[in-house]
Amino acid sequence: MKPGRAATFGKSAAQFLVGCLRQIVPAKQGTDANAADLLEAVKQWQQVFEHTPVMYFMVDPAGTVINVNTFGAEQLGYTPAELIGRSVLDVFLAEDRAAVRACVALCLKTLDQSHTWEIRKVRKDGSMLWVRENAKAMLRANGGPIVLVACENITERKEAENALRQSEAYLAQAQELSHTGSFGWKAATREITWSKETYRIFECEEGTKPAIPFMLQRIHPEDRLAVQQTTGRAAREGKDYDHEYRLVMPDGSIKYVRAVARATRDASGRVEFVGSVTDITATKEAERRLRDSEQRFRDYAETASDWFWETGPDHRVTQISEHSDTNTAPAGLIGLTRWDIAPDAALEPEKWRQHRAALDAHVPFRDLVYRSKDRNGQPIYVRTSGKPFFDADGAFLGYRGVCTDVTAAIRANQAEDALRKAQAELAHVTRVTTLGELTASIAHEINQPLAAVIANADACLAWLQRSPPDLKAARRSVEWIIEDGRRAGDVIRHVRALAKRSDIEMVPLDANAVVREAVALVQREMASHAVSVRMELSSALPRIFGDRIQLQQVLINLIMNGIEAMADVHDRPRELAIRSQASGDSAMQVSVSDCGTGISEQAIDRLFTPFFTTKSSGMGMGLSICRSIIEAHGGRLSAIPNQERGATFQITLPLHREEAS
Ligand code: ADP
């Protein structure tokens, strides 16, 4: 700013005007009455100029403020002196300054023409106001142009406009989010207005005038009549309406909408509606899916052989699934507890006590098996599982669960148990029978040590009768007596164990030891039939897991069969080979081979069938019992004809799990 100018314009606008006047009116006419009137008029105008609630600016072509009224300066937080001489751009936002320059330029180009615009101004404290500016450029007396600007503060209006715009934007957004559009419908004039979202719902280009024919065309043909009737009646009677219908979209898809409208009347009493239209396709879809899944579960429930139940907080049955199989689910249970109907309630108090404790603790339960009756009163076994259910506040409402008729499975188990018992019984009987056949062998096994005992006792006496008695030799004889006595005792114990009906006792066993003990019992039998035995037992075999007595029974049976198969052999040595060996990593084999009659083609498939025998005094039970014993051990028993003569019976047994590699 030039200092000279500051001296001229640094004062208030009033002083400036007075200054100008003095230039026009020469000093010598200062006392002239006209001049005095003029000055008075100027002063009055000056007052108006200063205090009229409009902001006035005078700006030179470079944009420098030449003058501003007090009101205008105060609106911006300045005194006039602070603004005069500054660039007018200082009271605009940086981003608006180019526009301001353009406006000033336009005014200068179009002298004496008014231009109006709305723009923001910045106060001294940085706050903002909106103004509506009316500007015009004119030539001053000295010929230079100035721009006169009158501004009106429109901040409040702008804020209201903005708030309205914002709330409209919020509304549009809310409509979009809730898939709800709004509409207005003047029934008399058929005039319809739609919100943006309504256009979107109807898939109609925004801005086109909504019309009833278009809407009817969008509505599903099956729903059209109902829509026309509802809206027609509402229009006639001036009543609210609320209805749902379908739209067929241009791509052929179906949209479900719900329209709700409130009837009002305009100033001249004509009916008009304001309403909302909501796209409820997703809700309808969800409802349909729910209905489908409910139906699906009902189908499952009704076709399953299981049935579903529900009990209340007192554990009494409230519901039982409808069943297509009318025989299964028991009838007449509603209102009863499970233990009311179970005939085993009194027999198994502990089972029911535990079950009721679980129910009272509101915990799930699994696989409770109890006795009940079917619809025809027939006893059945039922297996049930259930879980508690609660309301939204966590209050216990009861249990829901499923029941299965397990009668067949339980009867099968019982039959299997009975069969197992009968087999064990039979095995015992045949064992005792075999022992009867082995009497000679057993007697021999016992006689041998007894004879040795007598011989050693005699010897002992002789040693004692010597003079002096040979105590050392006598002691040795007594030691032998003890040893033989033990041997005889062992044999008797073993025979008793075989004869006793004892429970099966599965323990880890050394298979070779089992073989040796069995062979010991039939030693004499072999000798009396001139049969020699060859043992090829693999050392260091891992142990098996089984019942010693039963496995020995199998071996004795196979050995006895081998001896019998060689009874008619006269042209060659009767030799029995007993072998043990590993079979893979997890099993071992014991085989008994003879060189007897061998097995015929017809016989091979039937050997293990009960009562199959080719012997006049045979029972035909031995091999079938042997096979069931071996299978109960998880193994296999098979018969293989030898290449040359005789047959081999092979036992394969799994190794004890802890020893299998
Ligand atoms: P049994 O010895 O009472 O006949 P088994 O079930 O032990 O009953 O045997 C059934 C049949 O299998 C025998 O009658 C016999 O024909 C045949 N058999 C069993 N072992 C042999 C063998 N080692 N060699 C040939 N045939 C055998």
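As a starting point, this report considers the structure included with it. Values in this document were obtained by computation on a predicted structure and should not be read as measured data.

### Quick look at the sheet that holds strand S5 (residues 145–153)
Now for step 1: The strand order S2-S1-S5-S4-S3 describes an open sheet built from 5 strands, whose pairing is antiparallel. Two strands lie at the open edges of the sheet, namely strand S2 (65–68) and strand S3 (115–122), each paired on one side alone. Neighbour to neighbour, the strand axes of the sheet diverge by 30° on average, direction disregarded.
Now for step 2: Looking at chain direction, strand S4 (residues 128–139) and S5 are connected through 9 bridges and run antiparallel. What sits directly across from Lys 136, in S5, is Leu 148.
Now for step 3: Seen against the sheet, helix H6 (residues 97–109) touches S3, S4 and S5 and runs at an angle of roughly 150° to S3.
Now for step 4: This element, helix H7 (residues 155–177), spans S3, S4 and S5 of the sheet and lies at about 130° to S4.

### Quick notes on the site of the ligand
Now for step 1: Around the ligand sit 18 residues, and of these Asp 594, Thr 613, Thr 614, Lys 615 and Leu 623 come closest.
Now for step 2: Here an oxygen atom of the ligand sits 2.5 Å away from a polar atom, N or O, in the side chain of Thr 613.
Now for step 3: Here an oxygen atom of the ligand and a side-chain polar atom of Thr 614 are 2.4 Å apart.
Now for step 4: The protein chains hide 92% of the 530 Å² of surface that the ligand would expose on its own.

### With respect to the layout of surface pockets
Now for step 1: Space inside the largest pocket adds up to approximately 960 Å³.
Now for step 2: Taken together, 34 residues make up the lining of the largest pocket; nearest its centre are Asn 561, Glu 564, Thr 613, Lys 615 and Gly 618.
Now for step 3: Residue assignment for the lining of the largest pocket shows that the elements contributing at least two residues are helix H14 (407–437), helix H18 (548–565), helix H20 (622–632) and strand S22 (647–654).
Now for step 4: Broken down by element, the residue count for the lining of the largest pocket peaks at 7 residues, all from H18.
Now for step 5: Residues of the lining of the largest pocket, tallied by class, amount to 13 nonpolar, 16 polar and 5 charged.

### Details of the packing of aromatic side chains
The description of an aromatic ring pair rests on the distance of the ring centres and on the angle between the ring planes.
Now for step 1: Under the counting rule described, the total for this entry stands at 11 aromatic pairs.
Now for step 2: When the centroid spacing of 5.5 Å and the interplanar angle of 70° are considered together, the rings of Trp 352 and Tyr 370 count as edge-to-face. Of the two residues, Trp 352 is situated in helix H13 (residues 349–360) and Tyr 370 in strand S13 (residues 365–373); the sequence distance between them amounts to 18 residues.
Now for step 3: Cation over ring: Lys 158 sits above Trp 130, and NZ or CZ is 4.4 Å from the ring centre.

### A look at the environment of Arg 246
Now for step 1: Position of Arg 246 among the secondary structure elements: in strand S8 (residues 241–248).
Now for step 2: Look at Arg 246 and you get buried, because its relative accessible area is 19%.
Now for step 3: Separated by 399 residues in the primary sequence, Arg 246 and Arg 645 place their C-alpha atoms 91 Å from one another.

### Digging into the pattern of salt bridges
Now for step 1: For the structure shown, the criterion picks out 38 salt bridges.
Now for step 2: Put simply, Arg 288 and Glu 285 hold a salt bridge, and the shortest N to O gap is 3.1 Å. Of the two residues, Arg 288 and Glu 285 are both situated in helix H11 (residues 281–303); the distance of 3 residues between them amounts to about one turn of the helix.
Now for step 3: By relative accessible area, Arg 288 is classed as partly exposed at 35%.
Now for step 4: The salt bridge partner of Asp 490 is Arg 493, with a shortest N-O separation of 2.4 Å.

Scoring rules and cut-offs
- Per chain, residue numbering runs from 1 following the sequence as it is written.
- In keeping with the model being predicted, local features are shown solely for residues with a pLDDT of at least 70 and side-chain atom pairs are shown and tallied solely at 80 or more, while totals for entire chains, interfaces and linings include all residues.
- In computing side-chain properties, one takes all heavy atoms of the structure into account and sets aside hydrogens as well as water.
- Strand pairing is assigned whenever DSSP detects at least two bridges linking the two strands.
- Numbering of helices and strands starts at the N terminus; helices are DSSP runs of H or I of at least 4 residues and strands are runs of E of at least 2.
- Axes here refer to lines fitted to C-alpha atoms; in helices the fit is confined to the stretch in contact. Angles between the N-to-C directions go from 0 to 180 degrees.
- In this description, contact between two residues means that some pair of their heavy atoms is separated by no more than 4.5 Å.
- If even one non-hydrogen atom of a residue comes within 4 Å of a molecule or strand, that residue is called near it.
- Counting of polar contacts relies on pairs of N or O atoms within 3.5 Å, with two restrictions inside protein: one atom must be capable of donating a hydrogen and the other of accepting it, and residues adjacent in sequence are counted only when both atoms are side-chain atoms.
- Computed with the Shrake-Rupley method and a 1.4 Å probe, the accessible areas treat only the protein chains shown as cover for residues.
- Cavities and pockets are found on a 1 Å grid laid over the protein atoms alone: a cavity is a set of points where a 1.4 Å probe fits but cannot escape, a pocket is an open set with protein on both sides within 12 Å along at least five of seven lines, and a lining residue has an atom within 4 Å of such a point.
- Grid points are joined across faces, edges and corners, and a volume is the space filled by probe spheres set on the points.
- When residue character is reported, Ala, Val, Leu, Ile, Met, Phe, Trp, Tyr, Cys and Pro are called nonpolar, Asp, Glu, Lys and Arg charged, and the others, Gly included, polar.
- Aromatic contacts are taken between Phe, Tyr and Trp rings whose centres are within 6.5 Å, Trp giving its six-membered ring; a plane angle under 30 degrees counts as stacked, one over 60 as edge-to-face, and the others as tilted.
- For a Lys NZ or an Arg CZ to count as sitting over a ring, it must be within 6 Å of the ring centre and within 35 degrees of the ring normal.
- Only protein chains enter the calculation, and the probe is 1.4 Å; a residue is then buried if its accessible area is under 20% of its type maximum, exposed if over 50%, and partly exposed in between.
- Here, a salt bridge means any Lys or Arg side-chain nitrogen found within 4 Å of an Asp or Glu carboxyl oxygen.

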